[in-house]
Amino acid sequence: MKKVFTRPRSLKDIPTHYCPGCTHGIVHRLVAEVIDELEIFDRTIGVAPVGCSVFAYNYFDCDMFQASHGRAPAVATGIKRVLPDRVVFTYQGDGDLAAIGTGEIVHAAARGEKFTVIFINNAIYAMTGGQMAPTTLLGQKTTTTPYGRDKDINGYPVKISEMLSVLDGTAYVARVSVHDPAHVIKARKAIKRAFEVQLAGLGFSLVEVLSACPTNWGLSPAEALKWLAENMIPYYPLGEYKKPAEVG
Amino acid sequence: MAKVLMKGNEAIGEGAVRAGCRYFFGYPITPQSELPHYLAKRLPEVGGVYLQSESETAAINMVYGAAGAGARVMTSSSGPGISLMQEGISYLAGAELPCVIVNMIRGGPGLGNIAPAQSDYFQATRGGGHGDYRVIVLAPASVQEIIDLMRLAFDLADRYRNPVMVAGDGILGQMMEPVELGEEEDVQIPPRPWAATGRMGGEKKLINSLYIVPEELEQHNLKLARKYALIASKEQRWEEYRLDGARLVLVAFGTVARICKAVVDRCREEGLAVGLIRPITLWPYPQKAFEPLMGKVDSFLVVEMSLGQMVEDVRLAVNGRHPVHFYGRCGGMLPVAADVVQEVKKLYGGEGN
Ligand SMILES: Cc1ncc(C[n+]2csc(CCOP(=O)(O)OP(=O)(O)O)c2C)c(N)n1
Ligand code: SF4
Ligand SMILES: [Mg+2]
């Protein structure tokens, strides 16, 4: 009998700590499937952030680093400069990448560092208890915006894909979502392209994944996916913001 | 081999290259700029990488990545930049990664100034960042000693899998002196089975400082403590100068120790039995240097370019057995030999000694 669905080699066979309905797990799986498919498992090094996905270093079975909050792109820079023939990726949340680590991500992108960033935009600081993230939508209630995010107090949500795509160092930038199967398949394609861009040595690649946090959004898993589709996608349009001619 | 004339900052660069260091990440700051200038030229010549980072925060995290990937790597900065690096140094210590961090200390606090100082002593010797950890700290006092200590710095970092700081000051960095470079060795970097370089068919490796279970973090902390105790017992280094029959012993490191040697000579000419202990390792502090003097001297005079930081370590080493006095200049001012001689004369044979 042919096995049509198995655990990717690049993921460990252990339970994760993610809440029911959390989409971190789906994205882990997509990254692992791509690593398997491109047959790069043995030479891949991942960098885990500080955030709900900190234990990604336990879930991915390749060599891993744990980085300080926001600094994964600097850590990845150090790794890739020492080992240019390895495949390096960071996995970062929106607090990690778009607030405390803004300097590191912008300059890694500007330098055209040849690694891949998986950027989880769940519009919240999940790990620390649902505080406002730089990506929190206007009007969205969080534990630190109990009356809803107000532009006059907190300014506007940060659009990372749009910002980074104007830098000459970026070779591939896409925003995807994982709120339904059709979008999961598209997300997988984008993640694969991002790794292919790295393998081709074309420059910096980043995939922003709109992701659900039912726990801190105070919604059921199903409601959370619906909220994502109805509220996040209009503000964070999906698509490939930058791609080299070489990858179709 | 013939001697060559070199600036201290350049000697740090050349010493690092000769120690097998091939990666430098840093952000510009005075008074260490000749070092990045030197390495920006020199590292590409030997197939290495010089990369100017967007901040010291980024620089130290690049060091974390490069060290975890198995490289001999260094960064360099001064006061404000070293403060920005502290979180990263704490992570490096927690993850037990070898690296070398140069601090050409300038005046503080805040932006302070760019003149020489020793006021980062506490920060360097007490860990500096958060958590229970230690960084090995070496304090050269001449350009020749820089060359020798750079090799030692990388070797100690590897031997103990620990960050090593080289602490100097602006004078040492700018000073030009003839140095003996010796033959360029083909340095064999010790194997790093723990490095995360991609599995390449082997076991999974993890570079990490997170131990979420308290029992596990305590075990990790105790393991680090055993390592620090081993370093403290084996790696204390110091220089003794004219300690024979000394009644009053000066204690000073780096540039100030050179001034104090002149003070010792002048005092000896005048018949005063004065000597000097020059710590070379600031951590571990050379406590062993003080033991043989206990009961044989009258007092100690610690001279620093700060308001008095190392003096606390001397008091710990002497442990109340003799008076420990302090003389310091700060803000970028140097202690003048004649003033220190005056201070010695005030104390020498006086009351309370
Ligand atoms: C220097 C520092 N500041 C703050 C924190 C606390 N902290 C841990 S995770 C986190 C936010 C993570 O949010 P995000 O990156 O969006 O990841 P998520 O949990 O949402 O996946 C913060 C502020 C820290 N660990 N280090
Ligand atoms: S708190 Fe949110 S982001 Fe974190 S694991 Fe739970 S659902 Fe996922
Ligand atoms: Mg988040």
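- As annotated in an unreviewed UniProt entry, chain B carries the name 2-oxoglutarate ferredoxin oxidoreductase subunit alpha and is attributed to Desulfofundulus australicus DSM 11792.

- Naming follows an unreviewed UniProt entry, where chain A appears as 2-oxoglutarate ferredoxin oxidoreductase subunit beta of Desulfofundulus australicus DSM 11792.

1. Some remarks on the sheet that holds strand β3 (residues 49–52) of chain B
All names here are of chain B.
And step 1. Spatially, β3-β2-β4-β5-β7-β6-β13 is the arrangement adopted by the seven strands of the open sheet, whose pairing is mixed. Each edge of the open sheet carries a strand with a single partner, namely β3 and β13 (281–283). Adjacent strand axes in the sheet meet at a mean angle of 20°, parallel and antiparallel pairs treated alike.
And step 2. The sheet contact formed by strand β6 (residues 136–138) and β13 spans two bridges and is antiparallel. Note that in β13 the partner of Val137 across the bridge is Trp283.
And step 3. Sitting on the sheet, helix α3 (residues 56–68) touches β2 (23–26), β3, β4 (73–77) and β5 (99–105), and the angle it makes with β4 is about 165°.

2. What to know about the site of ligand 1
And step 1. What surrounds ligand 1 is a group of 17 residues, the closest being Cys52, Asp94, Gly95, Asp96 and Met127 of chain A.
And step 2. In this structure, ligand 1 sits where chains A and B come together, each supplying nearby residues.
And step 3. In this structure, an oxygen atom belonging to ligand 1 sits 2.8 Å away from a main-chain N or O atom of Cys52 of chain A.
And step 4. Within the complex, 76% of the 590 Å² of free accessible area of ligand 1 lies under protein.
And step 5. The dominant element in the shell around ligand 1, judged by the number of residues it contributes, is helix α4 (residues 94–100) of chain A, at four residues.
And step 6. Per-class residue counts for the shell around ligand 1 are seven nonpolar, seven polar and three charged.

3. Examining the coordination of the magnesium ion (ligand 3)
Residues and elements named next belong to chain A.
And step 1. Every protein donor of the magnesium ion (ligand 3) is listed here as Asp94 (OD), Asn122 (OD1) and Ile124 (O), and their distances to the metal cover 2.1 Å.
And step 2. The sequence pattern formed by the donor residues of the magnesium ion (ligand 3) is D-x27-N-x1-I.
And step 3. Accessibility expressed as a relative area gives 7% for Asn122, which makes it buried.
And step 4. What makes Ile124 buried here is its relative accessible area of 2%.

4. Let's talk about helix α8 (residues 181–199) of chain A
Residues and elements named next belong to chain A.
And step 1. Between its first and last C-alpha atoms α8 spans 27 Å; for 19 residues at 1.5 Å apiece the expected length is 27 Å, and the two agree.
And step 2. Among the residues of α8, those classed as buried are His183, Val184, Ala187, Ala190, Ile191, Ala194, Phe195, Val197 and Gln198. One side of α8 carries all its buried residues, which in axial view fall inside an arc of 155°. Counted as exposed and oriented over 90 degrees from the buried face of α8: Pro181, Ile185, Lys186 and Lys189.
And step 3. Looking at the buried positions of α8, the neighbouring elements they touch are α1 (24–37), α3 (72–82), β3 (87–93), β4 (116–121), β5 (170–177) and β6 (204–210).
And step 4. Looking at the residues trailing α8, positive phi occurs at Gly201, about 70°.

5. Comments concerning the nonpolar core
And step 1. Ranked by internal contacts, the top residues of the largest apolar core, which has 124 residues, are Met74, Phe290, Phe300 and Val314 of chain B.
And step 2. With 11 residues, helix α6 (residues 143–160) of chain B is the largest single contributor of residues to this core.
And step 3. The residues that make up this core include at least three from each of domain 1 (4–234) and domain 2 (238–347) of chain B.
And step 4. Setting aside its immediate chain neighbours within four residues, Phe300 of chain B contacts Val249, Val251, Phe290, Leu293, Met294, Val314, Val318, His322, Pro323, Val324 and His325 of chain B.
And step 5. Of all hydrophobic cores here, the second largest spans 40 residues; its members include Tyr18, Cys22, Ile40 and Val87 of chain A.

6. Description of the site of ligand 2
All names here are of chain A.
And step 1. As a matter of local geometry, ligand 2 sits amid Tyr18, Cys19, Cys22, His24, Cys52, Asn122, Ala126, Cys213, Pro214, Thr215 and Asn216.
And step 2. Of the residues forming the shell around ligand 2, the biggest block, three residues, is contributed by helix α9 (residues 214–217).
And step 3. Grouping the constituent residues of the shell around ligand 2 by class yields seven nonpolar, four polar and no charged.

7. Some thoughts on the side chain of Ser55 of chain B
All names here are of chain B.
And step 1. Here Ser55 shows up in the loop between β3 and α3.
And step 2. A residue is classified by how much of its surface remains accessible, and Ser55, at 16% relative accessible area, is buried.
And step 3. Side-chain polar atoms of Ser55 contact the backbone nitrogen of Thr57, separated by 3.3 Å.
And step 4. A distance of 3.0 Å separates the side chain of Ser55 from the backbone nitrogen of Ala58, its partner in a polar contact.

Parameters and conventions
- Residue numbering note: each chain is counted from 1, following its sequence as written.
- For naming, the first written chain is A and the first written ligand is 1, with later ones following in the order written.
- For a predicted model such as this one, the threshold for reporting local features is a pLDDT of at least 70, and the threshold for listing and counting side-chain atom pairs is 80 or more; totals across whole chains, interfaces and linings nevertheless cover every residue.
- Remark: hydrogens and water are excluded; side-chain values derive from all non-hydrogen atoms of the structure.
- Here, a strand pair is defined by DSSP locating no fewer than two bridges between the strands.
- Comment: elements are numbered from the N terminus, with helices defined as DSSP H or I runs of at least four residues and strands as E runs of at least two.
- Inter-axis angles, ranging from 0 to 180 degrees, are taken between N-to-C directions of lines fitted to C-alpha atoms, where helices are fitted over the stretch in contact.
- Working rule for contacts: check all heavy atoms of both residues, and any pair within 4.5 Å makes them a contact.
- If a single non-hydrogen atom of a residue is within 4 Å of a molecule or strand, that residue counts as near it.
- Throughout this description, a polar contact denotes any pair of N or O atoms lying within 3.5 Å of each other; where both atoms belong to protein, one of them has to be capable of donating a hydrogen while the other can accept it, and for residues adjacent in sequence the pair is counted only when both atoms sit in side chains.
- Per-residue and other accessible areas follow the Shrake-Rupley method at a 1.4 Å probe size, with only the shown protein chains counted as cover for residues.
- Under the scheme applied here, ten amino acids are nonpolar (Ala, Val, Leu, Ile, Met, Phe, Trp, Tyr, Cys and Pro), four are charged (Asp, Glu, Lys and Arg), and all others, including Gly, are polar.
- Water is not part of the atom set, so a site may look incomplete; the donors themselves are N, O and S atoms within 2.8 Å of the metal, or 3.2 Å for Na, K and Ca.
- To sort residues, take the accessible area from a 1.4 Å probe on protein chains only and compare it with the maximum for the residue type: under 20% means buried, over 50% means exposed, and anything in between is partly exposed.
- In this analysis, the expected span of each helix is defined as 1.5 Å times one less than the number of residues it contains.
- Here, the arc refers to the directions that run from the helix axis to the C-beta atoms.
- By nonpolar core is meant a set of buried Ala, Val, Leu, Ile, Met, Phe, Trp, Tyr and Cys residues that side-chain atoms within 4.5 Å join together.
- All domain edges in this entry derive from an automatic or database-based domain assignment.

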